[in-house]
Amino acid sequence: QSLAHIVDHYAQYPPTGLTMKRIVEFAREGDAQQSFLFLRNELPVRLASMMKEMGHLPPRLLKMPSVKTVNGWYGTSLFDLHSFRHLKPTGEIIKKFTETLQNIRRRHKSVVETLAQGYMEFSDSGKVKEYEESQIQYFLNRFYLSRISIRLLMYQHTMCFGEEVPEHPSHLGFVDPNCFVEDTVKDAFENAQFLCEGYYLVAPSLRLRTINATNPDELISIAYVPSHLYHVMFELFKNAMRATVEYAESQKSSNKLPPITVNIVKAKEDLTIHISDRGGGIPRSKADKIFRYMYSTAPRPVSLTDSQHSGPIPLAGFGYGLPISRLYARYFNGDMQIHSIDGYGTDAYVYLQAVEDQASEWLPICNQAAYEYYSSRKYQSDWTKKK
Ligand code: W6P
């Protein structure tokens with residue numbers, strides 16, 4: 001059986017999206033065998049649909065060595081998983097399967113950097129057309145969201161039913177059924193503050209307020225993936241701090257840095273985290289670029305010599321941090337928005353589902369509509385140019 005044949009087989013099925021509620025229940029009541037039976041089909045479905053989708057990228061991009069490398073990893077992993085399709089779920093087989101998942105996770109560790117490299121190779125080797133650019137943005141959002149989902153499923157298996165232990169005894173695999181949002185937010189703030197002080201010698205402080213609108217006396221908690229929330233908040237805080245410090249310096253202001261204010265509000269449907277800085281804002285002409293994957297500022301793959309360089313780590317610019325953070329927020333049916341007042345400051349909003357069974361996986365499906373997006377070659381605006 002050829003790889004192309006295997007890809008076509010699995011890619012004909014849509015992914016089975018889970019809810020946070022089901023993930024939590026399964027971690028509590030499920031077992032390794034059920035997990036094995038689900039994942040040996042579900043993981044190939046998700047991998048194969050992204051391989052199919054990769055095939056619709058601009059041909060010149062597909063020829064780039066780094067893109068081929070990533071494609072190869074997907075093929076190998078799909079093949080590895082496919083080899084379990086008819087095996088009886090004995091203890092030994094399940095153990096092998098769990099090891100395979102760990103292997104796959106290691107193999108795909110540097111997918112983001114490697115694809116970013118491919119995107120740079122592409123832009124270095126010729127002009128990127130406007131429709132190619134928009135197809136690549138479309139693809140990367142879908143591809144990285146799919147990757148987030150695949151990794152979560154693998155973590156849930158290896159941490160709930162394999163040898164790996166969750167970060168905390170109360171966690172269910174990679175998920176915390178009672179994630180105290182305030183704690184994660186403070187944690188992310190403190191670590192961003194530490195980086196900021198290392199780079200600028202100063203950092204803004206935090207002004208935090210929480211409102212539990214449904215149960216005023218209770219701390220705010222939801223079932224969530226703590227590492228995802230941390231990632232999102234850390235990224236937003238780094239941006240807010242950098243803007244605050246650099247804007248104060250540019251204004252030659254000797255006043256105390258304005259604090260970053262955070263409001264966490266839990267209501268019946270939404271859990272909203274509002275982060276506000278007074279870092280001078282961003283003009284509207286740049287606002288639509290902050291969620292773009294850029295080939296110029298993309299993270300260069302870390303070589304041995306790079307990782308040994310010492311000195312202050314700059315706070316991330318508009319690289320891959322914000323678009324990927326928005327995917328984390330969207331993954332369980334949440335969202336992220338950023339609104340700015342040029343000359344004043346920026347408000348970021350992170351929305352999460354407050355209710356476990358509303359928090360359903362948001363996943364790309366590889367269908368006719370997606371194909372049409374890739375085949376609409378001639379992007380033409382039906383409005384006059386703003387510039
Ligand atoms: C800025 C730009 C930005 C992006 C994301 C979060 C906060 C901020 N502040 O000036």
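This text follows the structure it describes.
Please read all numbers here as calculations on a predicted model, not as lab measurements.

Remarks on the overall build of the protein chain
- A count of helices and strands for the protein chain gives 14 helices and 7 strands.
- Computed over C-alpha atoms, the radius of gyration of the protein chain comes to 22 Å, within 12% of the 21 Å expected from 2.2 N^0.38 for 387 residues, which places it in the range of a compact globule.
- Taken across its 387 residues, the protein chain has 47% of its residues classed as buried.
- The long-range share in the protein chain, meaning contacts at least 24 apart out of those at least 6 apart in sequence, stands at 81%.

Some remarks on the pairing of strand β6 (residues 335-341)
- Examined bridge by bridge, β6 and strand β7 (residues 345-353) share 7 bridges and lie antiparallel to one another. Bridge pairing in β7 places D335 opposite Y351.
- Adjacent in sequence and paired antiparallel, β6 and β7 are bridged by 3 residues, among which G343 carries a positive phi angle near 90°.

Looking at the packing of helix α3 (residues 32-54) against helix α8 (residues 130-160)
- Two elements in contact, α3 and α8, have axes whose closest approach is 10 Å; the angle formed by their N-to-C orientations is 165°. Considering their axes alone, α3 and α8 lie roughly antiparallel with respect to each other. With respect to the hand of their crossing, α3 and α8 are arranged in left-handed fashion. Taken together, the residues of α8 that come into contact with α3 (itself represented by A32, S35, F36, L39, E42, L43, R46, L47, M50, E53 and M54) are Y138, F139, R142, F143, S146, S149, I150, L153, M154 and H157.
- Across the contact of α3 with α8, the residue classes break down as 13 nonpolar, 4 polar and 4 charged.

With respect to the pattern of salt bridges
- Evaluation of the coordinates by the stated rule reveals 11 salt bridges.
- Residue E42 is joined to R46 by a salt bridge in which the shortest nitrogen-to-oxygen separation is 2.7 Å. Placement of the pair is E42 and R46 together in helix α3, with a separation of 4 residues, close to one helical turn.
- Residue class for R46 comes out buried when judged on its relative accessible area of 3%.
- Salt bridges sharing common partners tie together E42, R46 and E361.

A short note on the packing of aromatic side chains
- For the coordinates displayed, the defined rule picks out 20 aromatic pairs.
- Relative to Y200, the ring of Y199 lies with its centre 4.9 Å away and its plane at 85°, an arrangement referred to as edge-to-face.
- Overall, the relative accessible area of 12% leaves Y200 in the buried class.
- Taken together, the ring pairs in this structure connect Y74, F139, F143, Y144, Y293 and Y320 into an aromatic cluster.

Here's the deal with unusual backbone geometry
- The residue L201 is not glycine, and still its phi comes out positive at about 75°.
- Looking at where L201 falls in the secondary structure, it is placed in the loop between α9 (181-200) and β2 (206-212).
- Classification of L201 by relative accessible area gives exposed; the value is 72%.

Brief notes about the site of the ligand
- Every residue near the ligand is listed here: L236, N239, A240, A243, D277, I338 and T346.
- D277 is positioned with one of its side-chain polar atoms (N or O) 2.7 Å from a nitrogen atom of the ligand.
- Interatomic distance of 3.4 Å between a side-chain N/O atom of T346 and an oxygen atom of the ligand.
- Protein chains bury 95% of the 270 Å² of accessible surface belonging to the ligand in isolation.
- Broken down by element, the shell around the ligand gets its largest block of residues, 4 residues, from helix α10 (residues 226-250).

A look at the sheet that holds strand β4 (residues 260-266)
- A sheet is described by the order of its strands in space; here 5 strands give the open sequence β2-β4-β5-β7-β6, paired in mixed fashion. Two strands in the sheet have a free side with no partner beyond their single neighbour: β2 and β6. Going across the sheet, the axis of each strand differs from the next one's by a mean of 15°, ignoring polarity.
- Along the sheet face, α10 touches β4, β5 (270-277), β6 and β7 and points at about 20° away from the line of β5.
- Packing of helix α13 (residues 321-331) onto the sheet brings it into contact with β6 and β7, and relative to β6 it is tilted by some 135°.

Here's the deal with the environment of H228
- Within the fold, H228 resides in helix α10.
- Placed 97 residues apart in sequence, H228 and S325 show a C-alpha to C-alpha distance of 8.1 Å.
- Ignoring sequence-local partners within four residues, the contact set of H228 consists of I148, Y328 and Y331.

What counts, and at which threshold
- Sequence positions are assigned chain by chain, starting from 1 and proceeding in written order.
- Local features in this predicted model are restricted to residues of pLDDT 70 or higher, and side-chain atom pairs are both shown and tallied only at a pLDDT of 80 or more, whereas totals for entire chains, interfaces and linings draw on every residue.
- Side-chain measures were taken over the full set of non-hydrogen atoms in the model, leaving aside hydrogen atoms and water.
- We count a stretch as a helix when DSSP gives it H or I for four or more residues in a row; a strand needs E for two or more, and each element gets its number in order from the N terminus.
- It is over C-alpha atoms that the radius of gyration is taken, and the globule rule equals 2.2 Å times the number of residues to the power 0.38.
- Only protein chains enter the accessibility calculation, which uses a 1.4 Å probe; a residue is then buried when its area is under 20% of its type maximum, exposed when over 50%, and partly exposed in between.
- In what follows, residue pairs with any heavy atoms lying within 4.5 Å of each other are defined as contacts.
- At least two DSSP bridges between two strands are needed for those strands to be called paired.
- Only C-alpha atoms enter the line fits that serve as axes; for helices the fit covers just the stretch in contact. Angles between N-to-C directions range over 0 to 180 degrees.
- Here roughly perpendicular refers to angles of 65 to 115 degrees, roughly parallel to angles under 35, roughly antiparallel to angles over 145, and oblique to all remaining angles.
- Here a crossing is taken to be left-handed if its near helix is turned anticlockwise relative to the far helix by less than a right angle, and right-handed if that turn runs clockwise.
- Only Asp, Glu, Lys and Arg are considered charged in this grouping, and only Ala, Val, Leu, Ile, Met, Phe, Trp, Tyr, Cys and Pro are considered nonpolar; every other residue, Gly among them, is considered polar.
- The salt bridge criterion pairs a side-chain nitrogen of Lys or Arg with a carboxyl oxygen of Asp or Glu, the two atoms within 4 Å.
- We call Phe, Tyr and Trp rings a pair once their centres come within 6.5 Å, taking the six-membered ring for Trp, and we label the pair stacked below 30 degrees between planes, edge-to-face above 60, and tilted otherwise.
- Here a residue counts as near a molecule or strand whenever at least one of its heavy atoms sits within 4 Å of it.
- Two N or O atoms count as a polar contact when they lie within 3.5 Å, although within protein this holds only if one can serve as hydrogen donor and the other as acceptor, and sequence-adjacent residues are included solely when both atoms are side-chain atoms.
- The method behind every accessible area is Shrake-Rupley, applied with a 1.4 Å probe, and residues are considered shielded solely by the protein chains displayed.

By themselves, these observations are geometric and do not establish any function.
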